[in-house]
Amino acid sequence: MTDRPNSRLCIFLKEGAEDAASFYAATLPETSVDFVQPIGQNMSMVLWTCMGTRYMLMDGNETFAPKHDHSISVATLDQAETDRLWEALSEGGSEGRCGWLCDRFGVHWQIVPTAMTHMLSDPDRDAAGRAQAAMMGMTKIDIAAMRAAFDGVSA
């Protein structure tokens, strides 16, 4: 009996797959570069694991650059971790709304505090709606501001 191969998401970058994977491994918890394979002049395939999920990065060209409709979502434990990852990943990239950003390699991320997920899925739909309305005006998620909105506290 042989083991079934696992699936993984493959992300094409314009360039810099090895640099990107090394940056992610240094920035995100429980993240590693597992294998680098040169596949041509200035091209490589990089297998890496991000917080338990396996990915493949490949150098490509503009045609294969990442798009906003695909992103890596990272759950954060608190505001300090949210802030640290937001600052590191958005440096040289661009910030979006509601916890979305694009890093300097062109990869799109969602930095999602677990507190936000709990508030938005709370059975009190009025409180969840207030938290969601607050989130819609944010770039990086501010847990305290969402919590105040959730609790119905005016700013």
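The following refers to the structure shown. These figures come from a predicted structure and were not determined experimentally.

1. Some words on the overall build of the protein
Each helix and strand counted, the protein has 5 helices and 8 strands in total. Reading the helices (α) and strands (β) of the protein from amino to carboxyl end gives β-α-β-β-β-β-α-β-β-β-α-α-α. Its C-alpha atoms give the protein principal-axis dimensions of about 60 × 45 × 25 Å. A total of 155 residues make up the protein; the buried ones form 37% of that total. Once local pairs closer than 6 in sequence are excluded, the contacts in the protein between residues at least 24 apart make up 56%. Roughly 8900 Å² of accessible area belongs to the protein as shown, and the carbon and sulfur atoms make up 53% of that amount. Separation between the mean location of the 12 positive side-chain charges and that of the 21 negative ones in the protein comes to 5 Å.

2. Here's the deal with the packing of aromatic side chains
Counted by the stated rule, this structure contains 6 aromatic pairs. Their ring planes at 35 degrees and their centres at 5.0 Å tell us that Tyr 24 and Trp 48 sit as a pair that is tilted. Linking Tyr 24 in helix H1 (residues 17–27) with Trp 48 in strand E3 (residues 43–50), this pair joins segments that are 24 residues apart in sequence. Classification of Tyr 24 as buried rests on a relative accessible area of 0%. Centroid distance Tyr 24 to Trp 109: 5.1 Å. Interplanar angle 70 degrees. Geometry classified as edge-to-face. Taken together, the residues Tyr 24 in helix H1 and Trp 109 in strand E8 (residues 108–113) connect sequence positions 85 residues apart. Overall, the relative accessible area of 0% leaves Trp 109 in the buried class. Every member of this aromatic cluster is reached through a ring pair, and the members are Phe 23, Tyr 24, Trp 48, Tyr 55, Phe 105 and Trp 109. One cation-aromatic arrangement involves Arg 104 over Phe 23; the distance from NZ or CZ to the ring centre is 4.2 Å.

3. Here we look at the environment of Gly 99
Looking at the element boundaries, Gly 99 is found in the loop between strand E6 (94–95) and strand E7 (100–102). For Gly 99, a relative accessible area of 0% gives the class buried. Apart from the residues lying within four places of it in its own chain, the contact partners of Gly 99 are Trp 86, Trp 109, Gln 110, Ile 111, Thr 139 and Ile 141.

4. Focus: unusual backbone geometry
In most cases, non-glycine residues show a negative phi, while peptide bonds are predominantly trans. A positive phi angle, near 50 degrees, is found at Met 51, a position not held by glycine. Phi is positive for Cys 98, close to 60 degrees, though the residue is something other than glycine. For Cys 98, the location among the structural elements is in the loop between E6 and E7. Taking the relative accessible area as the measure of exposure, Cys 98 reaches 15% and is therefore buried.

5. Observations regarding the pairing of strand E4 (residues 53–59)
Of all 7 residues that make up E4, 5 are buried, and the element is covered over most of its length. By the bridge criterion, 5 bridges tie strand E1 (residues 9–13) to E4 in an arrangement that is parallel. Looking at E4, one finds that Phe 12 is bridged to Met 58. Sheet analysis places E3 next to E4, joined by 6 bridges and oriented antiparallel. The residue bridging Val 46 from the neighbouring strand is Leu 57, located in E4. With antiparallel pairing between neighbouring strands as the criterion, E3 and E4 make up a hairpin whose turn holds 2 residues, including Met 51 at a positive phi of roughly 50 degrees.

Conventions we followed
Along each chain, residue indices are assigned from 1 in the same order as the chain's sequence is written. Two thresholds apply to this predicted model, a pLDDT of at least 70 for residue-level local features and 80 or more for giving and counting side-chain atom pairs, whereas whole-chain, interface and lining totals are computed over all residues. Water and hydrogen atoms play no part in the side-chain values, which are based on all heavy atoms of the structure. Numbering of helices and strands starts at the N terminus; helices are DSSP runs of H or I of at least 4 residues and strands are runs of E of at least 2. Exposed residues in this analysis have more than 50% of their type's maximum accessible area, buried residues have under 20%, and partly exposed residues fall in between, with area computed by a 1.4 Å probe over protein chains only. Note on contacts: a residue pair qualifies if any of its non-hydrogen atoms lie within 4.5 Å across the two residues. Computed with a 1.4 Å probe, the accessible areas rest on the Shrake-Rupley method; for each residue, only the protein chains presented here act as cover. Residues scored as positive are Lys and Arg, those scored as negative are Asp and Glu, and His as well as the terminal groups of each chain are ignored. All charge positions are set by atom: Lys at NZ, Arg at CZ, Asp at CG, Glu at CD. Working definition: a ring pair exists when centres of Phe, Tyr or Trp rings (six-membered ring for Trp) sit within 6.5 Å. Plane angles under 30 degrees give stacked, over 60 give edge-to-face, the rest tilted. The rule is short: NZ of Lys or CZ of Arg within 6 Å of the ring centre and within 35 degrees of the ring normal puts a charge over the ring. Criterion used throughout: strands pair if DSSP finds at least two bridges between them.

That's the geometry; what it means functionally is another story.
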